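Fold and geometry: a report
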Amino acid sequence: MKVNLIQQVPYRYLAEDFEKKYESVVTTPYALAEPQRVHEAYREALDELMHAARMGFDGLAVTEHGQSSYDMAPNPNILASAVAYATEVEGLKVAIYPLGRSLGKAREPLRVAEEYAMIDAITNGRVVAGFPVGLAYDANINNGVAPVEQRARFEENLKLVLRAWTDMKPFAWNGKFSQHPVVNIWPRPIQQPPPVWMTGIGTPKSMVNAVERGFGYNYFGWFGYKNLGPRIFSRFWDTVEKAGYDRNPYRLGFLQAIAVAESDAQAKELYAEATEYFFRKALGSSPIERMAMPGWVEVQGLEALFRDPGDFGMFPRMKTITYDEAVEAGCLIAGGPKTVREQLAESLKEFRVGNLHAMLQFGSMPHALAKRNIELFAKEVLPTLRKLWTDEWKHHWWPQALGGVPAPAKARKQMEEA
């Protein structure tokens, strides 16, 4: 089992009634922010990432969100490069894992390829490369990409990035969205290529794209895994079987917010405020059309939503959600070490998840409490999770420098054909 810390850079000091007046993305007035506290947010986020590395996590994951108060990370590779060098200097052998540069919005895909390659060179082959299609508000509103072209842009940009990494000869690129007389990036990544993952919210098309190419697939479970887990993960494993692949749990990643305390009662006392801040002021204050605009969801996704619109789970209720409701739905796993261990182990085994992205700082959680959460998780929960899947499967979606195993020749050929 691979366990990564997933880190965002939230602004932690929004007013109590923020969600009643503002959105957390696109139109959030920057006058609400205090510059010194913005500075502190970055220092604390990087400190929390390094704390997790020193506590023995397998990887450090960061996300991309533009024009956002809940994650001030318009380019996660800047954060990734900082911890790449710091972990290299300290000899901390952890994966550096940008969960994604959003290629569906990227107008300079070669810049993305170059940034990942630089980080892979800095770490001597420890990068895991995530590529989401991108959220609607970020691609369509922030970057002006038409919803109907977002997936086509993603497909073209991904092909260019992969070829730029692996083709050792200069080549010309004449795409629909970008044209380059010569592509010959320096450096190329140490890994040829780095492990590639697609990140999504469970749409069928994204799953098919990831599986047929032999990429890993990450699902973000903010909307409550207890109801959504059976539907989303069954859809994924059905896709895997239809493509003719085995049910290797390491091809699937799952993001989960987690809060560990000395007891269940203490968890509520310590984390209730940060939980409600996160879900109400981050996700809850964003209208549904910011997440999925007309034209963004592909035909298969629309068919699935029309049959059953439940893929968004608790999202419609986020604006008023309570701590108890978040825990009940599985938006948050919280409690004493035994409670958290048992719930995580049970769900990860049930859904065949081989990569956990543990979100241990969220919302307004103070820096000291976030570090304590990371420590308790590392000492009391992580050792149990590490025992999952140890001898049954090989991890083909992880850097070889960190124990990953190359895919079999047959699987590599299928990936190349896809």
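Since the structure is predicted, the reported quantities are computational estimates derived from the model, not experimental observations.

Looking only at helices and strands, the protein chain features 16 helices and 11 strands. In terms of C-alpha radius of gyration, the protein chain reaches 20 Å, essentially the compact-globule figure of 22 Å for 418 residues. For the protein chain, the spread of C-alpha atoms along the three principal axes comes to 60 × 45 × 45 Å. Within the protein chain, the fraction of its 418 residues that count as buried is 60%. Contacts in the protein chain between residues at least 24 apart in sequence constitute 78% of all its contacts with a sequence separation of at least 6. Charged side chains of the protein chain number 48 positive and 49 negative; the gap between the two group centres comes to 4 Å.

In this section: the nonpolar core. Of all hydrophobic cores here, the largest spans 134 residues; its most connected members are F131, W165, L344, L356, F377 and L385. Tallying contributions element by element places helix 9 (residues 264-283) first for this core, with 9 residues.

The next point concerns the packing of helix 8 (residues 225-242) against helix 13 (residues 337-351). Viewed as axis vectors pointing N to C, helix 8 and helix 13 meet at an angle of 30 degrees, and their least axial separation amounts to 10 Å. Taken together, the axes of helix 8 and helix 13 lie roughly parallel to each other. Together, Y225, G229, P230, F233 and W237 of helix 8 and Q343, S347 and F351 of helix 13 make up the contact between the two elements. Grouping the constituent residues of the contact of helix 8 with helix 13 by class yields 5 nonpolar, 3 polar and no charged.

A word on helix 8. Between its first and last C-alpha, helix 8 extends 24 Å over 18 residues, near the 26 Å set by a 1.5 Å rise per residue. Turning to helix 8, its buried residues number three or more, namely Y225, L228, G229, I232, F233, R235, F236, W237, T239 and V240. The first or second residue beyond helix 8 is G244, which carries a positive phi of 85 degrees.

With that out of the way, let us pick up the environment of F171. When you line up the elements, F171 lands in strand 5 (residues 171-174). Look at F171 and you get buried, because its relative accessible area is 7%. Residues F171 and V183 lie 12 residues apart in sequence; the distance between their C-alpha atoms is 5.3 Å. The contact partners of F171, leaving out residues within four places of it in the chain, are L160, R163, A164, P181, V182 and V183.

On the surface, Y85, V89 and I122 cluster together into a nonpolar patch covering about 300 Å² of accessible area. What makes Y85 exposed here is its relative accessible area of 55%.

Bringing unusual backbone geometry into the picture now. Glycine aside, residues mostly have negative phi angles, and peptide bonds mostly take the trans form. Of the consecutive residues W186 and P187, the connecting peptide bond is found in the cis state with omega at 0 degrees. Position of P187 relative to the elements: it lies in the loop between strand 6 (179-183) and strand 7 (196-200). The omega torsion across Q192 and P193 is -5 degrees, close enough to zero to call that bond cis. Within the element layout of this structure, P193 appears in the loop between strand 6 and strand 7. Here V26, not a glycine, exhibits a phi torsion of approximately 70 degrees, which is positive. The backbone phi angle of R352 is positive, close to 60 degrees, even though this residue is not glycine. Within the secondary structure, R352 sits in the loop between helix 13 and strand 11 (355-359).

Bringing the packing of aromatic side chains into the picture now. Following the criterion strictly, the structure yields 17 aromatic pairs and no others. Both rings, one in Y97 and one in W197, keep their centres 6.3 Å apart while their planes meet at 55 degrees; by these two values the pair is tilted. One end of the pair, Y97, is in strand 3 (residues 95-98); the other, W197, is in strand 7, and 100 residues separate them in sequence. Ring geometry for Y219 and F254: centres 6.3 Å apart, planes at 5 degrees, overall stacked. Remark: F254 occurs in strand 9 (residues 252-260) and Y219 occurs in strand 8 (residues 216-220); sequence separation between them is 35 residues. A residue is classified by how much of its surface remains accessible, and Y219, at 2% relative accessible area, is buried. A relative accessible area of 1% places F254 in the buried class. Within the aromatic cluster, the residues linked to one another by ring pairs are Y219, Y225, F233, F254 and F351. Lying over the aromatic face of Y13, R37 brings its terminal NZ or CZ to 3.8 Å of the ring centre.

Scoring rules and cut-offs
- Residues numbered from 1 in each chain as written.
- Predicted model: local features only at pLDDT ≥ 70, side-chain atom pairs only at ≥ 80, totals over all residues.
- Heavy atoms only, no water.
- Helix = DSSP H or I, 4+ residues; strand = E, 2+ residues; numbered from the N terminus.
- Rg over C-alpha atoms; globule rule 2.2 N^0.38 Å.
- Buried < 20%, exposed > 50% of the residue type's maximum accessible area, 1.4 Å probe, protein only.
- Contact = heavy atoms within 4.5 Å.
- Lys, Arg positive; Asp, Glu negative; His and termini not counted.
- Charge placed at Lys NZ, Arg CZ, Asp CG, Glu CD.
- Core = buried A, V, L, I, M, F, W, Y, C linked by side-chain atoms within 4.5 Å.
- Axes fitted to C-alpha atoms, helices over the stretch in contact; angles between N-to-C directions.
- Parallel < 35°, antiparallel > 145°, perpendicular 65-115°, else oblique.
- Nonpolar A, V, L, I, M, F, W, Y, C, P; charged D, E, K, R; others polar.
- Expected span 1.5 Å × (residues − 1).
- Patch = residues over 30% accessible without salt bridge, like charges linked within 9 Å, V, L, I, M, F, W, Y side chains within 5 Å.
- Areas by Shrake-Rupley, 256 points an atom, 1.4 Å probe, with all protein chains shown as cover.
- Salt bridge = Lys/Arg side-chain N within 4 Å of Asp/Glu carboxyl O.
- Phe/Tyr/Trp six-rings, centres within 6.5 Å; stacked < 30°, edge-to-face > 60°.
- Lys NZ or Arg CZ within 6 Å of the ring centre and 35° of its normal.

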